[in-house]
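Descriptive analysis of the structure
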Amino acid sequence: MRKPLVAGNWKMHGSHATNAALVGGIATGLARDAQLAAHCDVAIFPTFVHLESVAALAAATPIALGAQDCCAEHGPGAYTGEVAASSLQELGCRYVLVGHSERRALYGESDELVARKFLAAQAAGLVPVLCVGETLAERDRDETHAVVARQLGAVLERAGVAALARAVVAYEPVWAIGTGRTATPEQAQDVHAFVRGRIAALDGNIAGSVRLLYGGSVKASNALELCSMPDVDGGLVGGASLNAEEFVAIVAAAARK
Ligand code: PGA
């Protein structure tokens, strides 16, 4: 059995005041029904500068902490502006996103760099959440599987399939991120089954246990139908994770899996 995971990617949002209110609201929502955290892992991904204060706010709650990125180099070293995975681990992070489409598109991160970040994260004891997904143009050209296979393959090649036992994969079609346009449950399932199949070709046990999250305009209103798909093990949630009630409702939907 794969326990679902709902991960809130706060992107470049939040202040000390709004974070305190948001963590408080999520914690209160989760405390209302013990079944939620029992049946679904919950994690939030604030900005780097807020990690330490959010870690303190979330300390006595079932909410785990993640970072949105990490350096591909194993620190310490002369990498101005970068943050080492080991520092994130020290701050209390359990997870780190690698290869989010915004990093790939806006900051030119290559498959190779993402794979190195994946390795650096695991070397520091973090669970990387590897983000993959096609653009609208790629989907229109019928390249979705090829793109996802390439992005996943870059990591499998360098890290080996065994590394997937300590990782999460998030399928996020770029055209669905922040657009309000969600993949249909069938579209999500198709790519998730494809990803699991690629992993299964190398190791059936790992394929059966690795969690595959869907991301891209996940909301309380669509979370249940997305999570009801056999290969969707939760969600990577952006915009809707900034509203405690909405986020907890997504957790409740995933917990019903
Ligand atoms: P969204 O973002 O839920 O706002 O579409 C998802 C993500 O980028 O992880």
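Everything that follows concerns the structure shown earlier in this document.
Residues numbered from 1 in each chain as written. Predicted model: local features only at pLDDT ≥ 70, side-chain atom pairs only at ≥ 80, totals over all residues. Heavy atoms only, no water.

1. Thoughts on the overall build of the protein
Looking only at helices and strands, one finds 12 helices and 8 strands in the protein. Against the globule reference of 18 Å for 257 residues, the protein gives a C-alpha radius of gyration of 17 Å, in line with a compact fold. The dimensions of the protein, computed from C-alpha atoms along their principal axes, are 45 × 45 × 35 Å. The 257 residues of the protein split such that 53% are buried. Roughly 10900 Å² of accessible area belongs to the protein as shown, and the carbon and sulfur atoms make up 54% of that amount. On the protein, the mean spot of the 21 positive side-chain charges and the mean spot of the 26 negative ones are 2 Å from each other. (Helix = DSSP H or I, 4+ residues; strand = E, 2+ residues; numbered from the N terminus. Rg over C-alpha atoms; globule rule 2.2 N^0.38 Å. Buried < 20%, exposed > 50% of the residue type's maximum accessible area, 1.4 Å probe, protein only. Areas by Shrake-Rupley, 256 points an atom, 1.4 Å probe, with all protein chains shown as cover. Lys, Arg positive; Asp, Glu negative; His and termini not counted. Charge placed at Lys NZ, Arg CZ, Asp CG, Glu CD.)

2. Topic: the pairing of strand β6 (residues 168-171)
Of the two faces of β6, both are covered, the one formed by V168 and A170 as well as the one formed by V169 and Y171. Pairing geometry for strand β5 (residues 127-132) and β6, over 4 bridges, is parallel. Paired with L130 across the two strands is V169, which belongs to β6. Sheet topology note: the β6/strand β7 (residues 211-215) ladder contains 4 bridges and is parallel. The partner of Y171 across the bridge, within β7, is Y214. (Pairing = 2+ DSSP bridges.)

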